Each structure stands twice: as structure tokens, then as C-alpha cells.
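Residue strings, one per chain:
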Amino acid sequence: MELTRRDALAALTGTVVAGSAGALTWDRLDENGESSERPTGETLTALAEAVYPSAVENVGEFVETYVVGRASERPEYERGVAETAALVEAYAVDWFDAPVPELAREERDQLLRQLGTQTADPDPDGTDAERVRYYIVNELQYALYTSPTGGELVGIDNPQGHGGGTESYRRGPER
Amino acid sequence: MSADETEESEQDRTPSDRVDVCVVGAGPAGGLVAHRLADRGHDVVVLEAGPRFDPADRLERMERAIRPIHGDDEVWEMSGPRDEFTTPGELFYPLNVARVKGVGGSTLHWQGMVMRLHESDFERRSRDGVADDWPIAYGDLRPYYAEAESALGVAGASDNPFAPPREEPHPLPAFEPSHSDSLFAEACERVGVTTHAVPNARNSEPYDDRSACVGYGTCKPVCPSGAKYTAESHVEKAEEAGARVLDRVPVQRLEHDSAGERVEAAVYATSDGEEHRQEARAFALACGGVENPRLLLLSESEQYPDGLANSSGLVGRHFMEHLFAGMGGTLERRTRQNHVGFITSESHQFYDDPGAGAEGTESSVPPSDDDLGPLKLEFLNYAGPSPVETALSAETWGDDLLPQLREGYGNHVAMGALVGQLPRAENRITLDPETTDDHGNPVPAIYWRIDDRTKRTLARANEIQRTILESLGVDIEWTVGPDNTGPAYHHMGTTRMGTDPESSVVDPQLRTHDLSNLWIPSSSAFVTSGAMNPTLTIAALALRVADDLDSRL
Ligand SMILES: Cc1cc2nc3c(=O)[nH]c(=O)nc-3n(C[C@H](O)[C@H](O)[C@H](O)COP(=O)(O)OP(=O)(O)OC[C@H]3O[C@@H](n4cnc5c(N)ncnc54)[C@H](O)[C@@H]3O)c2cc1C
Ligand code: SF4
């Protein structure tokens, strides 16, 4: 299933983004990020490929539009996500001797699990695992599953959090 | 984005010179009273304890509602010393998920189902021999119900054969039934139960400068589109008509004149710790069913040692709630839940006669001769888990998670019901001197338990629900009934209405018996609870109070 730019914008629920959509690229975020040698976007995209089902395509552009769209609105979030991405990079080098984007998909998955992220409560101010759960895993899941394509993947064409109108709830499953 | 963190505006919070009316509380009751009176040229000041929440933050609040880190009370920042309470009674009462403090009041969080009480609700004593009759009848409120429906923008249909008489259609067309409503409608026909539309204070088309519903599905606790009515709308209209609205100014007490006959001033606090006196010719106390009695009790004086307007001793007593009964499970077909966050079908068939049986094309609902109270049945559109919420709390991700989400979503259905509680003096709001709020005031203490008649009625609701769900072929997985019920967050009864000053706090015009310039537009004046969500009745009473005040000022 192909994620589109529209999905990302929908997941952003169109706040300011509609107007500034053209500029939602990683460089906008990396310009401000001081905390890491590796561009945050590369790390996040690589992790999203592990967090999203393999049936999802076009992860890179989707994540870029979504995360940059969010970050450009909220400086605190931008700092949090950049720092957390840098933190995961440090673990990757420690445990796998390579940066996240160079790891195989299974290794990225393993990296997140080794961190304890599956069972960690999401918390922006918590332990490493809790911050990863909040800023990376749940952030990416929220983006995917409130978007029309993410909803469709599960079987709901107007998922909670997406303003998809008042027609879908009336339709039967056969349509 | 916390409203407390956002810069507190430089608004001038010093009092106005003596005004015509001082409204305390900016929920629907306060908003409607303030708007109508300001619109008629009166000088109005509204004092609101909580903040004004910026509409630009609604999407972020929606995200708080969906993401698991945030508790229910966090979406609208209901916690901390300001909102302390205790529940020494038999049952725990979760007060801070049951209300919101801020401009808009609890309608920021509410679901927005709005129906009129039935004629029978005003005559419980005459009809059933329990509780009391109201001192007013349905007919007294009927024109105000119509005005309240226009004010709130109610989407509804005239297809409910059990509803009390009405002359005019609802201002907006009803939301069409959901796919699962159609499954329920067939099953209901088989057992003899009639279904009909739900009146919703939610725009089915653009109304009153607010957009139509776009289906975010998070109505309760937050609608990011503005389609769901909140009382912010009437507070703003009041301001446009000239009222002055002060937020973050909790009223500490009301002060009366030396004769104890009139309220002179509302004493409020500002965040710098200062206290100010707002004087007015008349006062409307609109702080909701818990804070209304609390403020009266906090305003004790030499003349009123047990609390202001409390010569009867009944302030805070007869606290009532609506109780929830529900049942749900799965079907072997797709039911398409969680697309929207509101309900489109219900049944009031068992409202006036909860023990009546029903005969359908294939089977029946057995009659009951138990002594029962009113109940109403709801067919939910948000049964079962929402995939996004499941994903966010799952202990896995990627290709492991997707099949779990697909498995968990798609086949659920559920029914709800509301049951009214009898007014009982021992269910009450008092002050807890052991615990104080951020201003050193004793917090509300809630004594609450559920009587046997209410429990029987919950069991009856379950019985009808089971009949319908079984006819639909549902594999029933959960039941909420008499022993694990919970409140619907409708606070009623704590400053009850009546003609006798010995047995009531306010008169039929909602003016206190003790103080001639103090009105209490609120569900706290309800004599009985009925089983209908209360806010349309609150709105009708508020408009009626505004008319009464207008004629006297
Ligand atoms: C989750 C939930 C769902 C609900 N769903 C429905 C529904 O579907 N249908 C329905 O009819 N009703 C529903 N309700 C109930 C509905 O929200 C209330 O009936 C309604 O808001 C009450 O209106 P009010 O103006 O009397 O009080 P409130 O809305 O409670 O407003 C009172 C205001 O007074 C302020 N205040 C309190 N104390 C002071 C003080 N000392 N000084 C100054 N200000 C003060 C508060 O901050 C608040 O803003 C729901 C409520 C909740 C919580
Ligand atoms: S479904 Fe609810 S939350 Fe969504 S737009 Fe409609 S009223 Fe608002």
C-alpha cells in the first residue's frame, strides 16, 4: 500500500501545513538540529521502515512530510525527536557497529526491541526506552494509523483522528 | 500547550462597577444566561474559574485524547490542587473526568446528545409514587426547549414516536443512521423494538458560523472541527453583545447584605493572590451541579451558618446521576465501527413504561412487573477497539502488529443505556475541611451510592439489551450492569426546585427562597433525574431564567 503525501498531510490534519506544504523537507529540520552528526531524517526513515508493516510503500516521503510538518510547528517536539534519534544512533553504533540506516531491517527491529521499547510506556521525559516509544515508535504509529492509507490497511477508511467526512460510517462493507 | 503554560493574557481582571447581572460560571447555563441578558441591553459580567482554551490547540488536544500517555482528565487539564475532591461515600465518584473548568464548561468534553425530558419526568410522584413532582410541567418548558434547540443547533428528526409533543422540526436535519444501526434495526424489528434518530448538538450542516461534522471520531473529549456545540459559542456571543468575561477568576464566596436578603457581591480571586468584589443587582450561579452547592456552603455567614440559601438544609443533598448499562460483543460480519464518535440511533420505547413487553416478527421482550424507573437504549457507533489506539499501546510493531490490528477490528457491536437514579438525601455534596484547594477552601466531598430501584432498572436494561443482541446473533463478550455500573457524568439535584422553602432551595423560577436576587440555572435544580442527558433541559431552564431576570431588572 502506497503512502502518499496526502496521507501525511491528512495525518497532520492540515493545521498550518496546507499553506507551507511545499517546504516540508528534512533540510528544514536538520538546519536547526545541533545534537547529532547524522541527519535526523535518515534515522527516522530507517526506523519507520522497521516499525511499519512491509506492505507499506513510500515510507520516506511520508515520514518526511509528517515529521517535518510537526516539527516546524513545535520547537519542543523538534528538539525531542532530534535528540531521541541521536540517542538511537548511539545505541546502534554501540551494539551493531553501524548507523541505523546501514542496518538491515531485522537489525533495526532488534535494536528497538533490545532497547525495551515494546513494553515501555511512552513518555517524552522518561528513560531512553520510554522516550523512543514516545518520540519514535508511537509518533510513527500515530502518523500511519490516523492516515487514510494506514486505516485502509486495517480495514477502516476513516480512522479516528482523520477528518474523513460523514459518509463512510453509513456505508456497508460491500461497497 | 497547557492552558496554564500559555501566557496568561494581560486582561484587566479588576471588577466592573456594580453591574446588572453577575454570572458565575461559563458553561452552557452561564453562557446562555449571559448572552440573552447582554443581548437585551443589560450590563453583564461573567466570572469563570478556569481558563479560556485556545481553539487553535484543538488538534493537539485530539491527539492527547488518542495517545495513551494522557489520562482522560488531561485533555482539559483537570487535575492538581485546584480540582481536588474526596469521595467518602460508598462508591468512588470520578469527579475530574466528569467535568471541565474553563470557558465552555463541561461541554468542552461532552458527547452532545440532547433530548427533552418526557412529561412523565415532571410527575414521578403522581405517576409512580416515588420521589417528588417538579413544581413545573413539561408545558412550561416546551417553548424554551425549542429555543434551546436553536441555540445549540440540534440535528434531529421527528421520527421518535415516544418523544413528548413538539411543534417545530429540529433546526438541523438528523445524521443518517450508521451501517450498524441498520443491522440493529432489523434485529429490533424481530423482537418488537422501535429505533429512531438521536438529537445531536452537532452540525449535520454548517450552522451558526461553525462547520459541519467532518468525522474525526473523537467528539468526546474533543471535537477539533467545531462541529460539536460547546458553550464557548454563547460566551463569545455574550461578549459580542457587550458582556465582560473574566477567565481564571474562581469565585471564593458570595457576600450578602446585612439583612441577609440579597447577595451584594461575588468575591473572586486572581492568580496573583488578590481578592476582588464584583457587585451586581442580580446573580446567576451557574457552576454546575457540584460547584453550585459547594460555593453556597463556602459562603456561610452569621445569618446562614449552614451555608448561603440553605435555610432548608438541603443544599448539596439529593445528588443524582445517570447510570450506564451496556453490553457488547462480536458478529460474524463487518460492522464498521469507529468512523465517527457519536451515536445515530436509539430507542425510547421503554422510557415511560420500562416494564412493558414487546412483540416482534420472530420473538419478544418479556414484560416485567418490577418497580422500575425510566431507561433509554442507545446503539453505539464506536464499539470495540480503535485501531490507532490499539497500535499505540501494542507490544509489537511492523509485520507482527498488522495482523493483530486486522483481527481486532471490524466485527464489534455494542449497546448502551442510561438509567435515572432516585433523589436521596444521603447522596450529597458537602465540604471536606481536611482537604483544601489552591485557595485554601475545603474541597467538595461526594457521598454517593445507588439504590435498589436503580439497580433493578439497570438489570432490566440488560435484559432488553440481551434480547436484542441475541436476536442479532452477537457473541456477547461484556456486560455492564447493576454491579459494575458507572456514572454518565450528569450532576443533578443538589439545589432542588420546589414551592416549599422547607423542602427545596430554589423556587419554580430557580430563584433561591432565601435571597431575592440569586438565581441558580442548573441541573442542580432538577427534582428528579429522568434518564435523558440533562443539558438541553439545563439550556431551557437557563433561557427561562434569563427571561425572568430580564423582566425584573
Ligand atoms: C464526558 C461527559 C459527557 C457528557 N455528555 C453529555 C451528553 O451527551 N449530553 C448531555 O446533555 N450532557 C452531557 N454531559 C453533561 C454536560 O456536559 C453538563 O450537563 C453541562 O455542561 C452542565 O452545564 P453547566 O453550565 O450547568 O455546568 P458546567 O458545564 O459544569 O460549567 C460550569 C462552569 O462553572 C465554572 N465554575 C465552577 N466553580 C466556579 C467558581 N467558584 N467560580 C467561577 N466559575 C466556576 C466551571 O469552571 C465551569 O466552567 C457530559 C459531561 C461529560 C463530562
Ligand atoms: S465526529 Fe465528532 S469530533 Fe469529529 S467532527 Fe464530528 S463532531 Fe467533531
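Placed above this text is the structure.
About the thresholds
Residues numbered from 1 in each chain as written. Chains lettered and ligands numbered in written order. Predicted model: local features only at pLDDT ≥ 70, side-chain atom pairs only at ≥ 80, totals over all residues. Heavy atoms only, no water. Contact = heavy atoms within 4.5 Å. Salt bridge = Lys/Arg side-chain N within 4 Å of Asp/Glu carboxyl O. Polar contact = N/O pair within 3.5 Å; in protein donor to acceptor, adjacent residues only side chain to side chain. Helix = DSSP H or I, 4+ residues; strand = E, 2+ residues; numbered from the N terminus. Near = heavy atom within 4 Å. Areas by Shrake-Rupley, 256 points an atom, 1.4 Å probe, with all protein chains shown as cover. Nonpolar A, V, L, I, M, F, W, Y, C, P; charged D, E, K, R; others polar. Axes fitted to C-alpha atoms, helices over the stretch in contact; angles between N-to-C directions. Parallel < 35°, antiparallel > 145°, perpendicular 65-115°, else oblique. Left-handed = near helix turned anticlockwise from the far one by under 90°. Buried < 20%, exposed > 50% of the residue type's maximum accessible area, 1.4 Å probe, protein only.

Draft legend 1. Focus on the interface of chain A and chain B. Across the contact, 49 residues belong to chain A and 45 residues belong to chain B. A salt bridge links A:Glu139 to B:Arg67; the nearest nitrogen and oxygen atoms lie 2.7 Å apart. Inspection of the chain A/chain B interface yields 24 residue pairs in polar contact (both at pLDDT 80 or more). Elements with a contribution of two residues or more to the side of chain A that touches chain B: helix H4 (40–51), helix H7 (105–114), helix H8 (128–145) and helix H9 (148–154) of chain A. Broken down by element, the residue count for the side of chain A that touches chain B peaks at 8 residues, all from H8(A).

Draft legend 2. Examining the site of ligand 1 more closely. All names here are of chain B. The environment of ligand 1 is made up of 36 residues, and the closest members are Glu 48, Ser 106, Met 113, Val 251 and Thr 535. The separation between a nitrogen atom of ligand 1 and a polar main-chain atom of Gln 111 is 3.1 Å. Between Gly 112 and ligand 1, the recorded distance is 3.1 Å, taken from a backbone N or O atom to an oxygen atom. Computed on the free molecule, ligand 1 has an accessible area of 1000 Å², of which 95% lies beneath the protein chains in the complex. Residue assignment for the shell around ligand 1 shows that the elements contributing at least two residues are helix H1 (28–39), helix H7 (288–298) and helix H11 (535–552). Its residues assigned to classes, the shell around ligand 1 shows 18 nonpolar, 13 polar and 5 charged.

Draft legend 3. Structural view of the site of ligand 2. Near ligand 2 you find B:Arg202, B:Cys213, B:Val214, B:Gly215, B:Tyr216, B:Gly217, B:Thr218, B:Cys219, B:Cys223, B:Ser225, B:Gly341 and B:Phe342, and these make up its full shell. Considered class by class, the residues forming the shell around ligand 2 number 6 nonpolar, 5 polar and 1 charged.

Draft legend 4. Here's a closer look at the packing of H4(A) against H8(A). Residues and elements named next belong to chain A. One can describe the packing of H4 onto H8 by two numbers: an axis separation of 10 Å at closest approach and a directional angle of 65°. As far as their axial angle goes, H8 and H4 are roughly perpendicular. In this structure, the crossing between H4 and H8 has a hand that is right-handed. Across the interface between the two elements, Leu 44, Leu 47, Ala 48 and Val 51 from H4 touch Ile 136, Val 137, Leu 140 and Gln 141 from H8. Of the residues belonging to the contact of H4 with H8, the class tally is 7 nonpolar, 1 polar and no charged.

Draft legend 5. The pattern of salt bridges, seen in detail. Residue and element names in this part refer to chain B. Tallied over the full model, the rule gives 60 salt bridges over all chains. The salt bridge partner of Arg 40 is Asp 550, with a shortest N-O separation of 3.0 Å. Taken together, the positions of Arg 40 in the loop between H1 and strand S2 (44–47) and Asp 550 in helix H11 put the pair 510 residues apart, joining distant regions of the chain. A salt bridge links Glu 239 to Arg 52; its shortest N-O distance comes to 2.9 Å. Taken together, the residues span a long stretch of sequence, with Glu 239 in helix H6 (residues 232–240) and Arg 52 in the loop between S2 and helix H2 (58–66) at a distance of 187 residues. For Arg 52, a relative accessible area of 33% translates into the label partly exposed. One connected set of salt bridges, linked through shared partners, spans Arg 82, Asp 83, Arg 99, Lys 101, Glu 291, Arg 294 and Asp 437.

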